[in-house]
Amino acid sequence: MNTINHPHPGLILREEVLKPLNLTVVEVADRLGMARASISRVVNGRCAISYDLAVRLEAAGVNTARFWTGLQYEYDLDKARQAAQGAALSKIMPLVPRHESAQA
C-alpha cells in the first residue's frame, strides 16, 4: 500500500495563508471570533481543523469549508493507514468474497 505523508492542514493554513498575509495568530483569532489558543494549536499541528473553524475560514474568504475539511480528512486517513500497517492488517479476514475484477 502506497502512503503519502499529507501535511497537517494547520501547517498549510500557517504557511499558505497566515505568513503571506503577515497575520499573527492573535489577529486571525480575533478576526474569526475564536480563542488564540485554539488557532495556535491548529497552526502548530497539535489540533485538527474542526468543521466550525472550516466554516469560519470560508466566511473569511480563505477557500471553502469543504477544502479545509478535505485536507483534514486526507491527513487523518493517512495517519490511520500508517498506524494500521503491518501485522495488524495482515490478520484481517475478508468479510465479503473478493471478485477477480476487484483484484485487477
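Up top is the structure.
What comes next concerns the included structure. Computed from a predicted structure; not experimentally measured. Counting restarts for each chain: residues are numbered from 1 in the order of the written sequence. Local features in a predicted model are, by the rule used here, given only for residues with pLDDT of at least 70; side-chain atom pairs are given and counted only at 80 or more, and totals for whole chains, interfaces and linings are based on all residues. The side-chain quantities take in all heavy atoms of the structure and omit both hydrogens and water.

Thoughts on the overall build of the chain
- Only DSSP runs of H or I with at least four residues qualify as helices, and only runs of E with at least two residues qualify as strands; both kinds are numbered from the N terminus onward. In terms of regular secondary structure, the chain is built from seven helices and zero strands.
- The order of helices and strands in the chain, counted from the N terminus, is α-α-α-α-α-α-α.
- With the C-alpha coordinates aligned to their principal axes, the bounding extent of the chain is approximately 55 × 25 × 20 Å.
- Looking at the chain residue by residue over its 104 residues, the buried ones come to 26%.
- Residue contacts follow a heavy-atom distance rule, with two residues in contact if any of their heavy atoms lie within 4.5 Å. Across the chain, every contact between residues at least 6 apart in sequence was considered, and the portion connecting residues at least 24 apart equals 55%. Burial classes follow relative accessibility: with a 1.4 Å probe on protein chains only, a residue under 20% of its type's maximum area counts as buried, one over 50% as exposed, and anything between as partly exposed.

Details of the packing of aromatic side chains
- Whether two aromatic rings pair depends on their centres lying within 6.5 Å, for rings of Phe, Tyr and Trp, where Trp uses its six-membered ring; planes under 30 degrees apart make the pair stacked, over 60 edge-to-face, and the rest tilted. Considering all chains together, one arrives at one aromatic pair under this definition.
- Note on Phe67 and Trp68: the rings are 5.0 Å apart at their centroids and 80 degrees apart in plane angle, and the pair reads as edge-to-face.
- On the basis of relative accessible area, Trp68 is assigned to the buried category, the value being 2%.

Describing the nonpolar core
- In plain words, nonpolar cores are sets of buried Ala, Val, Leu, Ile, Met, Phe, Trp, Tyr and Cys residues tied together by side-chain atoms within 4.5 Å. Among the nonpolar cores identified, the biggest contains 19 residues, and Leu13, Leu18, Leu32, Ile39, Leu53, Leu57 and Trp68 are the most heavily contacted of them.
- Counting only elements with at least two residues in this core, the list comes to helix H1 (9–18), helix H2 (25–32), helix H3 (36–43), helix H4 (51–59) and helix H5 (65–84).
- Of the residues forming this core, the biggest block, four residues, is contributed by H1.

Re unusual backbone geometry
- Unusually for a residue other than glycine, Asn22 sits at a positive phi of about 55 degrees.
- Relative to the helices and strands, Asn22 is located in the loop between H1 and H2.
- Located in the positive-phi region is Asn63, a residue other than glycine, with phi close to 60 degrees.
- Among the secondary structure elements, Asn63 is positioned in the loop between H4 and H5.

Comments concerning the environment of Met93
- Tracing the backbone through its elements, the reader meets Met93 in the loop between helix H6 (87–90) and helix H7 (100–103).
- Taking the relative accessible area as the measure of exposure, Met93 reaches 65% and is therefore exposed.
- Met93 sits 20 residues away from Tyr73 along the chain, and the two C-alpha atoms are 26 Å apart.

Comments concerning H5
- A rise of 1.5 Å per residue sets the reference length of H5, with its 20 residues, at 28 Å; its end C-alpha atoms lie 28 Å apart and thus fit the reference within 8%.
- On its buried face, H5 is in contact with H1 and H4.
- Gly86, located one to two residues past H5, shows a positive phi value of around 90 degrees. To estimate the expected span of a helix, count its residues, drop one, and scale the result by 1.5 Å.

A short note on the environment of Val96
- Note on placement: Val96 falls in the loop between H6 and H7.
- It is 30 Å that separates the C-alpha atoms of Val96 and Gln72, two residues lying 24 residues apart in sequence.

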